[in-house]
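# Tertiary structure, described
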Protein chains: 2
Amino acid sequence: MMRKVEQHTESDVTDAALRQFVGYNMKRAFNVLQADLARTLEPFGLRMLTFSALSMIVENPGLRPSQLAGALSVERANVVVYVDRLEEAGWVTRAPCADDRRAYALQCTIAGRRVYDKAVAAVRAHDRRMLDGLRAVEIAAVKKALARIEGRG
Amino acid sequence: MMRKVEQHTESDVTDAALRQFVGYNMKRAFNVLQADLARTLEPFGLRMLTFSALSMIVENPGLRPSQLAGALSVERANVVVYVDRLEEAGWVTRAPCADDRRAYALQCTIAGRRVYDKAVAAVRAHDRRMLDGLRAVEIAAVKKALARIEGRG
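Residues numbered from 1 in each chain as written. Chains lettered and ligands numbered in written order. Predicted model: local features only at pLDDT ≥ 70, side-chain atom pairs only at ≥ 80, totals over all residues.

## Digging into the overall build of chain A
- Within chain A one finds 7 helices and 2 strands.
- Written out in order from the N terminus, the α and β elements of chain A read α-α-α-α-α-β-β-α-α.
- A compact globule built from 153 residues should have a C-alpha radius of gyration of about 15 Å, whereas chain A, at 21 Å, is more than 25% larger.
- The C-alpha extent of chain A, read off along each of the three principal axes, is 75 × 50 × 35 Å.
- The buried share among the 153 residues of chain A stands at 33%.
- Residue pairs at least 24 apart in sequence account for 49% of intrachain contacts in chain A once pairs closer than 6 positions are excluded. (Helix = DSSP H or I, 4+ residues; strand = E, 2+ residues; numbered from the N terminus. Rg over C-alpha atoms; globule rule 2.2 N^0.38 Å. Buried ≥ 20, exposed ≤ 12 C-beta atoms within 10 Å, placed from the backbone. Contact = placed C-beta atoms within 7 Å.)

Structural data, given as structure tokens:
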């Protein structure tokens, strides 16, 4: 005889066991944040990681792809893809390095700086939207906790 | 003449512009947390998403893969991969659904329950480790902020 198994409707599926963990709550929140960030950056032709790469190149002119990979903690191979996209868009250029002919230094163009300035203003508004309704003391606690967790790595 | 470009050492690369955004800090913290969680789960033959799936099946016996995908906000195709791994390990079984012959209901086995109980204790210790040094009021602020952000989705 076939054993009767319990059936669930969508609404009675619970995740209480996972909810006790900060990592699960962080992942769920980050998914929402990332989706909002993607919508925020889309009009500028940017995505989360191309925006991050562009920001790092604006802040650190002459940065090498390996340094960019290290600073963002992403794979070198992925960084090359983002840099290619930024170069194709005309926002970033590669210049040869004086001390290592195999390496190259990244710099943003005037057009790259222009799109960055517009995008960063939109990302600032997105960031405020994400934290809207939280008190300054709560935002400070979040930043402290995130720094503490990151420091364990 | 070749234009001289600025050179950076690893230590003088900065990410101050990105640090202003909670999303960037959250992503950096989550990377560290996820790496620690992977090390925590590895001795049990589990990974973040197989552990999450197993936890959901323990909590919701009879859960269908489509419900699991919805509850965890992951692609149905990915859920099938995790369920296959759990089934191969002998931790989860599929039973046909009485009301829909194409669907199946997931249940955990005694061996699955045993590995889950051990893994969840290890994940609890990991979670405490991640939050170690934070005061209760700070942990509460983090949880509130994460819930607030998730609620914007």
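## A word on unusual backbone geometry
- The backbone of A:Ser73 sits at a positive phi, close to 55°, despite the residue not being glycine.
- Position of A:Ser73 among the secondary structure elements: in the loop between α4 (65-72) and α5 (76-88).

## A closer look at the relation of the copies chain A and chain B
- Once turned by 180° and shifted 0.0 Å along the axis, chain A lies on chain B with an RMSD of 0.0 Å. The superposition of one copy onto the other is thereby described by a two-fold rotation axis. Among all residues of chain A, the minimum C-alpha distance to the rotation axis is found for A:Val142, at 2.5 Å. (Least-squares fit on C-alpha atoms with pLDDT ≥ 70 in both.)

## A short note on the interface of chain A and chain B
- Counting from both sides, the interface comprises 65 residues of chain A and, opposite them, 64 residues of chain B.
- No other element matches the 14 residues that helix α2 (residues 22-41) of chain A contributes to the side of chain A that touches chain B.
- Within the side of chain A that touches chain B, the residues separate by chemical class into 33 nonpolar, 16 polar and 16 charged. (Nonpolar A, V, L, I, M, F, W, Y, C, P; charged D, E, K, R; others polar.)

## Details of the confidence of the model for chain A
- Across chain A, the average pLDDT comes to 91, with 94% of residues at or above 70.
- Predicted as a complex, the structure gets a pTM of 0.88 and an ipTM equal to 0.90. (pLDDT = per-residue confidence, 0-100.)

## Thoughts on the nonpolar core
- With 76 residues, the main nonpolar core has A:Ala53, A:Leu54, B:Ala53 and B:Leu54 as its most contacted residues.
- With sequence-adjacent residues up to four places away left out, B:Ala53 is seen in contact with B:Leu68, B:Val79, B:Tyr82, B:Val83 and B:Leu86. (Core = buried A, V, L, I, M, F, W, Y, C linked by C-beta atoms within 7 Å.)

## Describing the environment of A:Ala105
- Looking at where A:Ala105 falls in the secondary structure, it is placed in strand β2 (residues 104-108).
- A C-alpha to C-alpha distance of 5.5 Å links A:Ala105 and A:Arg94, two positions 11 residues apart in sequence.

## Topic: helix α6 (residues 110-131) of chain B
Residue and element names in this part refer to chain B.
- Over its 22 residues, α6 runs 32 Å from end to end, which matches the ideal 32 Å to within 8%, given 1.5 Å per residue.
- When we look at burial in α6, the residues that qualify are Gly112, Val115, Tyr116, Ala119, Val123, His126 and Met130. The buried residues of α6 occupy an angular sector of 100° when projected down its axis, which confines them to one face. Exposed and oriented more than 90 degrees from the buried face of α6 are Ile110, Arg114, Asp117, Lys118, Ala121, Ala125 and Arg128.
- Following α6 by one or two positions, glycine 133 adopts a phi angle in the positive range, close to 95°. (Expected span 1.5 Å × (residues − 1). Arc of directions from axis to C-beta.)

## With respect to the environment of A:Ala35
- When you line up the elements, A:Ala35 lands in helix α2.
- Separated by 26 residues in sequence, A:Ala35 and A:Thr9 place their C-alpha atoms 26 Å apart.

## Quick look at the pairing of strand β2 (residues 104-108) of chain B
Residue and element names in this part refer to chain B.
- Among the 5 residues of β2, 4 are classified as buried, and the element is accordingly described as predominantly covered.
- Of the strand pairs in this sheet, strand β1 (residues 92-96) and β2 are connected by 5 bridges, and their pairing is antiparallel. By the bridge assignment for β2, valine 92 is matched with cysteine 108. (Pairing = 2+ DSSP bridges.)

## Remarks on helix α3 (residues 48-59) of chain A
- Helix length check: α3(A) (12 residues) gives 17 Å between terminal C-alpha atoms against 16 Å at 1.5 Å per residue, within 8%.
- Among the residues of α3(A), those classed as buried are A:Thr50, A:Phe51, A:Ser52, A:Ala53, A:Leu54, A:Ser55, A:Met56 and A:Ile57.

## Here we look at the environment of A:Glu87
All names here are of chain A.
- Inspection of the secondary structure assignment puts glutamate 87 in helix α5.
- The exposure class of glutamate 87 is partly exposed, given the 15 C-beta atoms found within 10 Å.
- Each C-alpha atom of the pair glutamate 87 and cysteine 108 lies 9.0 Å from the other, and the pair is 21 residues apart in sequence.
- Among all residues touching glutamate 87, those that are not within four sequence positions of it are Val92, Thr93 and Arg94.

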